[in-house]
Each structure stands twice: as C-alpha cells, then as structure tokens.
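# Summary of the model geometry
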Amino acid sequence: MANDGADITLLPLGVIERRVLAHVAAAVTRAFPGHLVAVSPAGRLPRGIWNTARGQCDSTRLIRYLDRHQVCPAGKLLAICDTDLCTQILTFVFGEAEVGGCYAVMSLHRLRPEVYGMPRSEALFFDRSGKEAIHELGHTFGLRHCYRYDCVMHSSDSIEATDLKREGFCPRCRSLVPRAPNC
Ligand SMILES: [Zn+2]
Ligand SMILES: [Zn+2]
C-alpha cells in the first residue's frame, strides 16, 4: 500500500475495475491542480469493519483502521470499495472523510444506476464516481459542505443530489483548495 510519493493516493479495496479507477484518477487530477495522484495496488477490506447485522461496512471504522495502520503516512488517501457503506447513525453513506485529515473512503455500490432500477450507464456511473471522490478528498483538504446545490462539496443524501452537482468546485470552494501539496 505504498503511495509512491504521490500526495493523493487512491487505494482500491477489493476488486475495482481499472477503467473506473482511471476515470476517478483523471477527475481528481483536474480538481486538485498541482497534486500528484497515484493509484496504489489493491488491498483487502479489513474484517473488523463489517456491520454484520446490516450486511454493510462501517465507513467510520474503515477510516479508523486506515488511520491506526498509517496506511498513508503522508498526503491524502482515498480508499475506494464496492461494498455498501453505513455509519452508526446513517443507514448508508456514499463516503466519509476526515475534515482536514488524511483519510477518506467511498463506495461505488450506490453510484450504479441499476441499483435504483435504472438502465446501466457507464458514463453516469463514472461521472458519479468522480464527483464522490472529489467531494471526499475535498473534506480532507479542510472543505466543509457547501450550500450551493451544484457545487461538488454540496452534501449528498440521495443519488439525485449527486446528479445535480457539477464535477467541479464553486468559486468559493475552489478558492479554499490548496494548490500545492500540503502534507
Ligand atoms: Zn460530505
Ligand atoms: Zn461550493
């Protein structure tokens, strides 16, 4: 799980399609200019993060695991899994991040149109994946939720909210994104 000197590392946990990882890496590179983005070799979902009663993984426990094991000693790390995520109080989350910290996690599971009974669409799935990745990494750079519904930092409690966002930051959020590596 080395980060190869990158200041933003994408860590696939489990089997994640290469094409979606490449799309996410390109979207993150566009969103955080000047930052070196790398995709690390795939790891495994740690056992201790399962919420067996719900059949989901606990995103808060996953972040704690990454932090405890210092999976990324420098820079920002976004773990990407395909397993549905939840927290103690939320029945599901698209992702979670440490605000101003190093670690973020996201799930691809609820970004697929077919999960909502819609036709498969790789373009829509990729688009949502890029937005979610930028949103969670934005938190690690200290950004909080934005009131603008079309800003990538707007909170998503439904996939419709995700689809209303653009991939980019609004001018105010953009001004808060550090342009150079800061870890
Ligand atoms: Zn958020
Ligand atoms: Zn904004």
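Just so it is clear, the structure is predicted and the values come from calculations on it, not from any experiment.

Another point: the packing of aromatic side chains. Evaluation of the coordinates by the stated rule reveals four aromatic pairs. Ring geometry for Phe92 against Phe94: centres 5.4 Å apart, planes inclined by 80 degrees, an arrangement best described as edge-to-face. Exposure remark for Phe92: the relative accessible area of 23% places this residue in the partly exposed category. Owing to a relative accessible area of 4%, Phe94 belongs among the buried residues under this scheme. By the ring-pair criterion, three or more aromatic residues cluster together here, those being Phe32, Phe141 and Phe169.

Here Cys72 is to be found in the loop between helix H2 (59-68) and strand S5 (76-81). A relative accessible area of 2% places Cys72 in the buried class. Here the alpha-carbon distance between Cys72 and Ile8, two residues 64 residues apart in the chain, equals 9.5 Å.

Looking now at the sheet that holds strand S4 (residues 56-58). Remark on secondary structure: sheet strands pair via backbone hydrogen bonds, oriented parallel or antiparallel. Spatially, S3-S4-S6 is the arrangement adopted by the three strands of the open sheet, whose pairing is mixed. Two strands bound the open sheet, and with one partner strand each, they are strand S3 (50-51) and strand S6 (85-86). Running over the sheet, H2 touches S3, S4 and S6 and is turned about 50 degrees from S4.

A few words now on H2. Along H2, the positions that sit buried rather than exposed are Ser59, Leu62, Ile63 and Leu66. Down the axis of H2, the sector holding all buried residues measures 100 degrees, keeping them to one side. Exposed side of H2, more than 90 degrees from the buried face: Arg64 and Arg68 are the residues found there. Where H2 terminates, the next one or two residues include Gln70, which has phi positive at roughly 45 degrees.

What follows covers the coordination of the zinc ion (ligand 2). Donor atoms from the polypeptide that coordinate the zinc ion (ligand 2) comprise Cys146 (SG), Cys151 (SG), Cys170 (SG) and Cys173 (SG), at 2.3 to 2.4 Å from the metal. The site at the zinc ion (ligand 2) holds four donor atoms, and with the angles between them running 105 to 113 degrees, its shape is tetrahedral. Each donor residue of the zinc ion (ligand 2) lies on one chain, and together they are spaced C-x4-C-x18-C-x2-C. Residue Cys146 is located in the loop between helix H3 (122-140) and helix H4 (159-164), and its partner Cys170 is located in the loop between H4 and helix H5 (171-176); the two are separated by 24 residues in the primary sequence.

His135 (NE2), His139 (NE2) and His145 (NE2) make up the full set of protein donors to the zinc ion (ligand 1), lying at 2.0 to 2.1 Å. Along the chain, the residues donating to the zinc ion (ligand 1) fall in the pattern H-x3-H-x5-H. Note that His135 and His139 are positioned in helix H3 at a spacing of four residues, about one turn of the helix.

This part covers the pattern of salt bridges. Inspection of every chain in the model, using the stated rule, returns eleven salt bridges. A salt bridge links Asp84 to Arg110, with the nearest nitrogen and oxygen atoms 2.7 Å apart. Taken as a pair, Asp84 in the loop between S5 and S6 and Arg110 in the loop between strand S8 (103-107) and H3 lie far apart in primary sequence, 26 residues in all. Residues joined by salt bridges that share partners form a network here, namely Glu17, Arg19 and Glu122.

What counts, and where the lines are drawn
- Residues numbered from 1 in each chain as written.
- Chains lettered and ligands numbered in written order.
- Predicted model: local features only at pLDDT ≥ 70, side-chain atom pairs only at ≥ 80, totals over all residues.
- Heavy atoms only, no water.
- Phe/Tyr/Trp six-rings, centres within 6.5 Å; stacked < 30°, edge-to-face > 60°.
- Buried < 20%, exposed > 50% of the residue type's maximum accessible area, 1.4 Å probe, protein only.
- Helix = DSSP H or I, 4+ residues; strand = E, 2+ residues; numbered from the N terminus.
- Pairing = 2+ DSSP bridges.
- Contact = heavy atoms within 4.5 Å.
- Axes fitted to C-alpha atoms, helices over the stretch in contact; angles between N-to-C directions.
- Arc of directions from axis to C-beta.
- Donors = N, O, S within 2.8 Å, 3.2 Å for Na, K, Ca; no water.
- Tetrahedral: all angles 85-135°; square planar, octahedral: opposite > 155°, others 65-115°.
- Salt bridge = Lys/Arg side-chain N within 4 Å of Asp/Glu carboxyl O.

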